[in-house]
Amino acid sequence: MLARIPASAQVLTVTGRTADTNEARAMLYQLDPRTGWVPLAGPWPARNGLRGWTDDHDENDLRTPIGVFPLSDAGGLLPDPGTRLPYDQDEAFTASGTGHLGEPLDGAFDYVIAIDYNRVPGSSPLDETRPLGDDEGGGVWLHVDHGGPTNACISLDKAHMLALLRVLDATRRPVVVMGPEAALRA
């Protein structure tokens, strides 16, 4: 995994204790050439897919893909909070209904950051183009926590999403490294 991280990157790690957990921990790091990886923010509680993690994600498997993925674009229902990522404010960032535990989804897409898994970087998170094909899933985002597990996304509480949006810098080539602890040690 470490070999897949750009040297100048900001790195958000999202780790779950086991492959089947839908609860995780998020931590943001930046590489300092003199001292190594320096924590910038976190640890924060996070949630992931209802059924945990997978290294072979399929549409609707309710698992979050494992790997290292760029974070290139952001957006949301609410105005840009001051991010240095391209930001698309759009009324289409609306979540309604209830989640897997019956929790309301309202506000979950107030702020999102697209995880560049099976998507076209440099486009709105709403862009549904899937270069690997529809069967591989897509629309994997970091978004505001709604109080329950996600379909495949990572969710953080609203204050932590705002903090992340304000610190991520497109010039630092931010990435997310995500998966269960055992897979990320490999």
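Right above here is the structure, for reference.
Reading the values: the criteria
Residues numbered from 1 in each chain as written. Predicted model: local features only at pLDDT ≥ 70, side-chain atom pairs only at ≥ 80, totals over all residues. Heavy atoms only, no water. Helix = DSSP H or I, 4+ residues; strand = E, 2+ residues; numbered from the N terminus. Rg over C-alpha atoms; globule rule 2.2 N^0.38 Å. Contact = heavy atoms within 4.5 Å. Areas by Shrake-Rupley, 256 points an atom, 1.4 Å probe, with all protein chains shown as cover. Lys, Arg positive; Asp, Glu negative; His and termini not counted. Charge placed at Lys NZ, Arg CZ, Asp CG, Glu CD. Pairing = 2+ DSSP bridges. Salt bridge = Lys/Arg side-chain N within 4 Å of Asp/Glu carboxyl O. Phe/Tyr/Trp six-rings, centres within 6.5 Å; stacked < 30°, edge-to-face > 60°. Buried < 20%, exposed > 50% of the residue type's maximum accessible area, 1.4 Å probe, protein only. Core = buried A, V, L, I, M, F, W, Y, C linked by side-chain atoms within 4.5 Å.

(A) Molecular detail of the overall build of the protein chain. When helices and strands are counted, the protein chain shows two helices and eleven strands. Walking the protein chain from its N terminus toward its C terminus, one meets helices and strands in the order β-β-β-β-β-β-β-β-β-β-α-β-α. For 186 residues, the compact-globule formula gives about 16 Å, and the C-alpha radius of gyration of the protein chain, at 15 Å, lands near that figure. Projected onto its principal axes, the C-alpha coordinates of the protein chain cover approximately 50 × 35 × 30 Å. Summarising the internal contacts of the protein chain: among those between residues at least 6 apart in sequence, 62% fall at separations of at least 24. About 8700 Å² of surface is accessible on the protein chain, with carbon and sulfur atoms providing 51% of the total. For the protein chain, the separation between the mean place of its 15 positive charges and that of its 26 negative charges on side chains is 10 Å.

(B) Expanded view of the pairing of strand β2 (residues 23-32). By the bridge criterion, seven bridges tie strand β1 (residues 10-16) to β2 in an arrangement that is antiparallel. Counterpart to Val 14 in the pairing with β2 is Ala 26. If you look at the hairpin formed by β1 and β2, you'll find six residues sitting between the two strands. Bridge analysis of β2 against strand β3 (residues 36-47) gives nine bridges, and the strand direction is antiparallel. Residue Gln 30 lies in a different strand from β3, and its bridge partner there is Val 38. Counting the residues between successive antiparallel strands, the hairpin from β2 to β3 contains three residues.

(C) Representation of the pattern of salt bridges within the structure. The final tally for this structure, using the stated rule, is eight salt bridges. The residue Arg 63 makes a salt bridge to Asp 20 at a minimum N-O spacing of 3.5 Å. One end of the pair, Arg 63, is in the loop between β4 (53-54) and β5 (64-65); the other, Asp 20, is in the loop between β1 and β2, and 43 residues separate them in sequence. One salt-bridge network, in which partners are shared between bridges, spans Asp 73, Asp 116 and Arg 119.

(D) Looking closely at the packing of aromatic side chains. Under the counting rule described, the total for this entry stands at three aromatic pairs. A centroid spacing of 5.6 Å and a plane angle of 50° characterise the contact between Phe 93 and Trp 141, whose relative ring orientation is tilted. Linking Phe 93 in the loop between β7 (87-89) and β8 (112-115) with Trp 141 in strand β9 (residues 141-144), this pair joins segments that are 48 residues apart in sequence. Relative accessible area serves as the criterion here: at 1%, Phe 93 is assigned to the buried category. Look at Phe 109 and Trp 141: their rings are 4.9 Å apart centre to centre, the planes differ by 75°, and that puts the pair in the edge-to-face class. Of this pair, Phe 109 sits in the loop between β7 and β8 while Trp 141 sits in strand β9, and the two are 32 residues apart along the sequence.

(E) Structural detail: the environment of Tyr 29. Take Tyr 29: it is sitting in strand β2. Under the relative-accessibility criterion, Tyr 29 is labelled partly exposed at 21%. C-alpha separation for the pair Tyr 29 and Leu 40, spaced eleven residues apart in sequence, amounts to 5.2 Å. Ignoring anything within four residues of it in the chain, the contact list for Tyr 29 reads Ala 9, Gln 10, Val 11, Thr 13, Trp 37, Val 38, Pro 39 and Leu 40.

(F) Summary view of the nonpolar core. Ranked by internal contacts, the top residues of the largest apolar core, which has 32 residues, are Val 14, Ile 113, Ile 115, Leu 142, Leu 164 and Met 178. Considering every element that reaches this core, the biggest residue donor is helix α1 (residues 158-167), with four residues. Once residues lying within four places of it in the same chain are set aside, the contact partners of Leu 164 are Leu 12, Leu 28, Trp 44, Ile 113, Leu 142 and Leu 156. Membership of the second largest hydrophobic core comes to seven residues, among which are Ile 5, Ala 9, Val 68 and Leu 184.

(G) Seen up close, the environment of Asp 135. Secondary-structure assignment places Asp 135 in the loop between β8 and β9. Exposure remark for Asp 135: the relative accessible area of 62% places this residue in the exposed category. It is 27 Å that separates the C-alpha atoms of Asp 135 and Tyr 87, two residues lying 48 residues apart in sequence. Setting aside residues no more than four positions away along its own chain, Asp 135 makes contact with His 57, Asp 58 and Glu 59.

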